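# Observations on the model geometry
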Amino acid sequence: MAVYAFWILATIVVLSAVMVIAARNPVHSVLFLILAFFTSAGLLVLIGAEFLAMLLVVVYVGAVAVLFLFVVMMLDVDFVELKQGFLSYLPFGLLVGAVFLAEIVMASFAGLENHVGTFDASPGAETNAEAIGQVMYTQYMLLFQLAGIVLLVSMIGAIVLTLRHRPGVKRQSIAHQTARRRSDAFELKDPSSGQGI
């Protein structure tokens, strides 16, 4: 059954990857990309790497592909003009694709020769997520915390670099709000009958 599932999912991945670059509508290309990500996650589940499958769905489908979809739908990009010079770059693209294919084939044969063992995916065994959690929070705890600090510092740096104090923009002042008196907040009026304020 696993072999049939692999061939079905692998066929869908290859066809959806071809449709990503062959579809004329960019929205359809992004939707085929999401399909390729989902079926790739299915392939990762088949080999027992459910943590990587979940990561692929959450990060790539939930963030990157949806961001691509919103950017494509919101921007008025003339894709016909972008695809005009496609044939001039085709030989170079085929050369790069052949190099990538050769690398994948060499890595596959090297992986088959140096294969030590497989992940134990039998019921009751330690799952992939548990194994990663045990290693991450015991052996590499300090490095994990340092990576979190680096990400926090980079996020604060991005906020500080993009924060601009423009004139005419109202900002909250806590000291001014707490020091406000009743006379500053409102004024009593006594209008005559039949007249406005």
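Everything below is about the structure printed above this text.
Residues numbered from 1 in each chain as written. Predicted model: local features only at pLDDT ≥ 70, side-chain atom pairs only at ≥ 80, totals over all residues. Heavy atoms only, no water.

## Here we look at the packing of aromatic side chains
On inspection of all chains with the given rule, the structure shows three aromatic pairs. Relative to Trp 7, the ring of Phe 6 has its centre 5.4 Å away and its plane inclined at 70 degrees; by these criteria the two rings are edge-to-face. With a relative accessible area of 38%, Phe 6 lands in the partly exposed category. For Trp 7, a relative accessible area of 54% translates into the label exposed. (Phe/Tyr/Trp six-rings, centres within 6.5 Å; stacked < 30°, edge-to-face > 60°. Buried < 20%, exposed > 50% of the residue type's maximum accessible area, 1.4 Å probe, protein only.)

## Here's the deal with the environment of Leu 44
Relative to the elements of secondary structure, Leu 44 occurs in helix 2 (residues 26-46). Since its relative accessible area comes to 21%, Leu 44 is described here as partly exposed. Excluding residues within four positions of it along the chain, Leu 44 makes contact with Ala 49, Glu 50, Leu 52, Ala 53 and Leu 56. (Helix = DSSP H or I, 4+ residues; strand = E, 2+ residues; numbered from the N terminus. Contact = heavy atoms within 4.5 Å.)

## Structural notes on the environment of Gly 62
If you trace the backbone, Gly 62 turns up in helix 3 (residues 50-74). Using a relative accessible area of 48% as the deciding quantity, one classes Gly 62 as partly exposed. The sequence separation of Gly 62 and Ile 34 amounts to 28 residues, and the corresponding C-alpha distance is 9.1 Å.

## Things to note about the layout of surface pockets
It is the rolling of a water-molecule-sized probe over the atoms that shows where space remains empty. In this model, the second largest pocket occupies a volume close to 170 Å³. Along the walls of the second largest pocket sit Ala 2, Val 3, Phe 6, Leu 43, Leu 46 and Ile 47, which together make up its complete lining. Elements with a minimum of two residues in the lining of the second largest pocket: helix 1 (2-22) and helix 2. (1 Å grid on protein atoms, 1.4 Å probe; cavity = no way out; pocket = protein on both sides within 12 Å on 5 of 7 lines; lining within 4 Å. Points joined across faces, edges and corners; volume = space filled by probe spheres on them.)

## Some thoughts on helix 3
Turn by turn, an α-helix covers 3.6 residues, leaving residues three or four places apart pointing in a common direction. The end-to-end C-alpha distance of helix 3 is 34 Å, a good match for the 36 Å that 25 residues give at a rise of 1.5 Å each. Of all the bends in helix 3, the largest measures some 35 degrees and sits at Tyr 60. Looking at the buried side of helix 3, the elements it contacts are helix 2. (Expected span 1.5 Å × (residues − 1). Bend = angle between axes of the 7 residues up to and from the residue.)

## A look at a nonpolar patch on the surface
Among the surface-exposed residues, Val 135, Tyr 140, Leu 142, Leu 143, Leu 146, Ile 149 and Val 153 lie close enough to one another that they form a single nonpolar patch of about 670 Å² accessible area. At five residues, helix 7 (residues 141-162) tops the list of elements feeding residues into the nonpolar patch. Its place among the elements puts Val 135 in helix 6 (residues 128-139). (Patch = residues over 30% accessible without salt bridge, like charges linked within 9 Å, V, L, I, M, F, W, Y side chains within 5 Å. Areas by Shrake-Rupley, 256 points an atom, 1.4 Å probe, with all protein chains shown as cover. Salt bridge = Lys/Arg side-chain N within 4 Å of Asp/Glu carboxyl O.)

By themselves, these figures tell us nothing about what the structure is for.
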